[in-house]
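Residue-level structural notes
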Amino acid sequence: MQGKKIQQERLFINFQLSEYVPADNFYRQLSQILDLRFLYKSTAYYYGSEGQKSIDPVVFMKLMLVGYLENLTSDRRIIRTSRMRMDILFFLGYDLDEEFPWHSTLSRTRKLYGEDQFVALFKQVLKLCIDHGLISGKRQAVDSALIRANASINKMVEKQVMADASIYSQELSDNIDEEIAGQEKLIRKDNRGSTKRAPASNESHYSPSDPDARITMKPGKPMGLYYRSQVSVDTASHLITYIGAFPGNAADNVSLAKILERIVGNMQEHNIQVKEILADTGYSSGEAMRSLADHNIEGYIPNIASYKKDRLEEGFIYDLENDRYTCKNGVHATFRCYEKLSKNKKLQRKIYRTSPEDCMNCPIKSMCVNYMGTRRIKHSLDKPLYDQMHKRMNSDKAKLFKKLRSSTVEPVIGSLINYTGMGRINTKGIKQANKCMIMAAIAYNLKKLLKYKVELCLNGLTLL
Ligand code: SF4
């Protein structure tokens with residue numbers, strides 16, 4: 001006989017939420033391993049002793065976590081989803097009929113709390129992973145990804161407009177009516193112009209809604225306003241050991257020194273010494289290699305393209321003892337002077353040159369010397385470090401590490417973008433972007449940790 005379900009709502013039911021959330025539920029397990037009570041103490045100074053009660057800091061952080069675990073990028077959707085899910089209600093400590101915080105409370109509290117609260121939670125989860133033996137920490141793979149900012153490139157304005165606006169404001173207070181009209185015209189004209197064409201550069205334009213976002217161009221990505229997420233992943237477990245927000249136009253090799261400091265700091269808190277760093281060519285620079293040497297870390301970073309075309313291929317051999325180059329015809333290019341690089345006056349390189357008399361009778365002179373009849377060779381002050389790296393990168397170990405790097409950090413970044421709410425930054429400013437990235441990394445690490453615990457349980461090695 002065909003059954004037919006008749007809907008009949010009951011006014012009173014005997015219901016206990018904990019009975020309906022199974023023991024192997026993700027959020028039930030998460031509530032067992034995650035202790036957020038430290039937030040009551042660490043966030044106490046954000047609140048006064050009187051007035052209306054705030055959202056519970058633990059509930060706020062749990063709601064943030066739910067957002068990234070469920071790949072929800074809007075605060076409204078976090079509240080809406082949490083209300084509908086019994087396991088999330090249990091995780092939050094709410095009952096079915098309990099009133100939820102208003103969605104705007106989430107964004108206000110996120111702005112109120114400093115980055116240190118989010119970093120503290122990241123470190124706590126990292127500690128949990130280390131305590132479970134998941135992170136070896138010795139070898140880290142580093143990479144970056146561009147994350148779209150919550151601002152439009154078409155709404156950028158010329159920086160000059162701001163200066164004009166401040167003049168306008170000053171003159172308004174001075175009651176100079178005629179000049180006010182002139183300035184108004186200028187501003188309107190500039191605003192119209194900026195919406196019609198793409199801004200020229202970060203130097204001339206900025207986004208009023210998110211001044212920290214930067215115009216960035218990358219092959220395969222549309223030109224837009226981005227932040228750059230720098231991620232470090234443990235190669236043994238694929239867990240994230242560091243994540244941070246940088247300006248979209250900040251080059252990887254410039255950021256590496258800061259990234260290393262944070263990775264080493266995070267690991268040293270657990271007496272783990274980072275021994276090897278794997279990264280791509282974008283991280284290659286003299287400064288980056290000096291920073292690796294300072295931390296006593298062996299880097300596996302392919303040298304910049306200009307190094308590959310080094311003098312060896314052109315038949316020049318460097319003599320360290322005499323500090324000079326020798327060409328295949330035995331002519332020496334000796335050290336002449338230091339040259340400052342135009343972009344960064346601190347950086348210098350060495351200039352070596354042959355004498356015109358030595359090259360005068362050479363058969364390949366036309367292909368080698370400049371208009372003055374000499375061969376000029378530029379040489380980075382960090383050449384010994386580049387040479388060392390070149391030698392290391394030609395080893396069999398380095399070839400294995402190249403594959404290991406791409407199979408470790410790239411899938412992790414893909415997961416962060418596609419499954420843990422990091423596809424787009426939904427806040428404004430680099431500090432808020434940093435909080436979003438940290439939360440996405442926490443959600444990723446927690447998923448990995450709980451998956452590991454489930455695997456252990458299935459293998460009968462431990463109980464959940
Ligand atoms: S031109 Fe001068 S530096 Fe160049 S290969 Fe000939 S001798 Fe050597």
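Anything mentioned here points back to the structure above.
Residues numbered from 1 in each chain as written. Predicted model: local features only at pLDDT ≥ 70, side-chain atom pairs only at ≥ 80, totals over all residues. Heavy atoms only, no water.

Moving on, we get to the overall build of the chain. Along its length, the chain carries 18 helices and 13 strands. The burial tally for the chain puts 44% of its 464 residues in the buried class. Across the chain, contacts joining residues at least 24 apart in sequence account for 68% of those joining residues at least 6 apart. Carbon together with sulfur atoms contributes 51% to the accessible area of the chain, which is approximately 26,400 Å² in total. (Helix = DSSP H or I, 4+ residues; strand = E, 2+ residues; numbered from the N terminus. Buried < 20%, exposed > 50% of the residue type's maximum accessible area, 1.4 Å probe, protein only. Contact = heavy atoms within 4.5 Å. Areas by Shrake-Rupley, 256 points an atom, 1.4 Å probe, with all protein chains shown as cover.)

With seven of eight residues buried, strand E6 (residues 240-247) lies mostly within the body of the structure. Hairpin remark: strand E5 (residues 221-234) followed by E6, antiparallel, with five residues in the connecting loop; positive phi at His238, about 65°. (Pairing = 2+ DSSP bridges.)

Phe316, Cys327, Asn329, Val331, Thr354, Cys359, Cys362, Ile364, Cys368, Val369 and Arg375 make up every residue found near the ligand. Residues of the shell around the ligand, tallied by class, amount to eight nonpolar, two polar and one charged. (Near = heavy atom within 4 Å. Nonpolar A, V, L, I, M, F, W, Y, C, P; charged D, E, K, R; others polar.)

This brings us to the pairing of E5. Of all the 14 residues making up E5, eleven are buried; the element is thus mostly covered by neighbouring parts of the structure. With nine bridges connecting them, strand E1 (residues 139-148) and E5 associate as antiparallel partners. Within E5, the position partnered with Ala141 by the bridge is Val233. One ladder, built from four bridges, connects strand E4 (residues 214-218) with E5; its direction is antiparallel. Residue pairing for E5: Thr216 is matched across the bridge by Gly224. The turn joining E4 and E5, which pair antiparallel and follow one another in sequence, is formed by two residues; a positive phi near 90° is taken by Gly220. As paired elements, E5 and E6 share seven bridges and run antiparallel to each other. Bridging from a neighbouring strand, Gln230 pairs with Gly244 of E6.

Tallying each qualifying case throughout the model produces 14 aromatic pairs. With centroids separated by 5.4 Å and ring planes inclined at 50°, the aromatic side chains of Tyr27 and Phe91 adopt a geometry described as tilted. In this pair, Tyr27 is assigned in helix H2 (residues 26-33) and Phe91 in helix H6 (residues 86-92), connecting sequence segments 64 residues apart. By the burial criterion, Tyr27 is buried, and Phe91 matches it. Ring centres of Phe335 and Tyr338 lie 5.1 Å apart, and the angle between their planes is 65°; on these two criteria the pair is classed as edge-to-face. Through a chain of ring-to-ring contacts, three or more aromatic side chains come together here, namely Tyr45, Tyr46, Tyr47, Phe60 and Tyr113. Residue placement shows Lys62 over the ring face of Phe91; its charged tip is 4.9 Å from the ring centre. Here Arg392 stacks its cationic end above the ring of Tyr300, 5.8 Å away from the centre of that ring. (Phe/Tyr/Trp six-rings, centres within 6.5 Å; stacked < 30°, edge-to-face > 60°. Lys NZ or Arg CZ within 6 Å of the ring centre and 35° of its normal.)

Turning our eyes to something else, we now look at unusual backbone geometry. Of note in this structure, His238 is not a glycine but carries a positive phi near 65°. Structurally, His238 is set in the loop between E5 and E6. The exposure class assigned to His238 is partly exposed, which follows from its relative accessible area of 26%. One non-glycine residue, Asn271, lies in positive phi territory at about 55°. Examined against the element boundaries, Asn271 turns out to sit in the loop between helix H11 (252-268) and strand E7 (276-278).

Structurally, Thr109 can be placed in helix H7 (residues 103-112). Setting aside its immediate chain neighbours within four residues, Thr109 contacts Tyr47, Ile55 and Phe60.

Closest axis-to-axis distance for the helix H5 (residues 75-84)/H7 pair is 8 Å, and the angle between their directions is 125°. In terms of orientation, H5 and H7 fall into the oblique class. Viewed along their axes, H5 and H7 form a crossing whose handedness is right-handed. For the pair formed by H5 and H7, the contact residues are Asp75, Arg76, Ile78 and Ile79 on the first element and His103, Leu106, Ser107 and Arg110 on the second. Residue composition of the contact of H5 with H7, by class: three nonpolar, two polar and three charged. (Axes fitted to C-alpha atoms, helices over the stretch in contact; angles between N-to-C directions. Parallel < 35°, antiparallel > 145°, perpendicular 65-115°, else oblique. Left-handed = near helix turned anticlockwise from the far one by under 90°.)

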